[in-house]
Amino acid sequence: FTLPLAWPSLRDVSLYADSRVFAMNPLLRIAARWSAVRALIARPGRFSLALARWFGARSGGIGWEVEAGDGAVVRVALVARAHSHLVAAMPAALAARALAEERMAAAGLVPPERQVDPSELKDALAKHGIGIFGSRAGSGWSAGVPGSA
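Heads up: these notes are all about the structure in this document. (Residues numbered from 1 in each chain as written. Predicted model: local features only at pLDDT ≥ 70, side-chain atom pairs only at ≥ 80, totals over all residues. Heavy atoms only, no water.)

### Some words on the nonpolar core
The condition that has to hold: Grouping buried Ala, Val, Leu, Ile, Met, Phe, Trp, Tyr and Cys residues that are joined through side-chain atoms within 4.5 Å yields what is termed a nonpolar core. Each residue is placed in one exposure class: buried if its accessible area under a 1.4 Å probe, protein chains only, is under 20% of its type's maximum, exposed if it is over 50%, and partly exposed if it falls in between. Numbering of helices and strands runs from the N terminus; a helix is a DSSP stretch of H or I covering at least four residues, while a strand is a stretch of E covering at least two.
Ranked by size, the top nonpolar core spans 13 residues in total, and within it L78, M90, L94, L125, I130 and I132 carry the most contacts. Contributing elements (two or more residues each) for this core: β2 (73-80), α4 (86-100), α5 (118-127) and β3 (130-136). Per element, the largest residue contribution to this core is five residues, and it comes from α4.

### Things to note about the environment of V66
Our working rule: Note on contacts: a residue pair is in contact if any heavy atoms of the two residues lie within 4.5 Å.
Positionally, V66 belongs in strand β1 (residues 60-67). When the C-alpha atoms of V66 and R136 are compared, they prove to be 9.7 Å apart, with 70 residues separating the residues in sequence. Not counting chain neighbours up to four residues away, the residues in contact with V66 comprise A72, V73 and V74.

### Let's talk about α4
For clarity, the cut-off: Multiplying 1.5 Å by the helix residue count minus one yields the expected span of that helix. What the arc covers is the set of directions going from the helix axis to the C-beta atoms.
Over its 15 residues, α4 runs 20 Å from end to end, which matches the ideal 21 Å to within 8%, given 1.5 Å per residue. Among all positions in α4, only L86, V87, M90, L94, A95 and A98 are buried. Buried positions in α4, seen along its axis, are confined to an arc of 165° and lie on one side of it. α4 presents A88, A92, L99 and A100 as exposed residues on the side facing more than 90 degrees away from its buried surface. Tucked into the core, α4 has its buried residues touching β1, β2, α5 and β3. Positive backbone phi, at 55°, marks E102, one or two positions downstream of α4.

### Remarks on the pattern of salt bridges
Operational definition: Salt bridge, as used here, is a side-chain nitrogen of Lys or Arg placed within 4 Å of a carboxyl oxygen of Asp or Glu.
For the coordinates displayed, the defined rule picks out three salt bridges. One salt bridge in this structure joins R103 and E101, with 2.7 Å as the shortest N-O distance. The exposure class assigned to R103 is partly exposed, which follows from its relative accessible area of 41%. The class for E101 is partly exposed, based on a relative accessible area of 45%. One salt bridge connects R103 with E120, and the closest N-O pair in it is separated by 3.6 Å. On the criterion of sequence distance, the pair formed by R103 in the loop between α4 and α5 and E120 in helix α5 is long-range, its members being 17 residues apart. Relative accessible area serves as the criterion here: at 23%, E120 is assigned to the partly exposed category. Through salt bridges with shared partners, a single ionic network connects E101, R103 and E120.

### Section: unusual backbone geometry
Phi is positive for H83, close to 60°, though the residue is something other than glycine. Note on placement: H83 falls in the loop between β2 and α4. Backbone geometry places E102, a non-glycine residue, at a positive phi of 55°.

### With respect to the pairing of β1
Under the convention used in this document: Pairing between strands is defined by DSSP: at least two bridges between the two strands are required.
Note: β1 against β2, eight bridges, orientation antiparallel. Bridge pairing links G61 to V79 in β2.

This is how it looks when you write it as structure tokens:
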């Protein structure tokens, strides 16, 4: 795994995922090791979708913790009581809309941070009930992204 050259000070990236579905985390660990199990759970179908809807959580979120070179830590979380899948889909949907409406200023290969206006993304997430929370080291969680207006 090679870290992106766009952020030369980036030294490490870690990921922890929790499906929040009964017995799904152990099943995913097994599927990561055995291709037969992986093939079985990768099959799309109404049955697996129904099971996920029945046993799965309605709420969800994603969070980041970033430590600067000087040791300062910032944490940001996007949290939703429902429809948390929109956190992943919303930036692409907004970028597609900007392209369709010919509002995309840049052309060619556009870095992610220039594809969507941050305030437009924040408003779209809020419209769907997705909260943005953040903190800096030594402070508590608060609504809004740290350092943003």
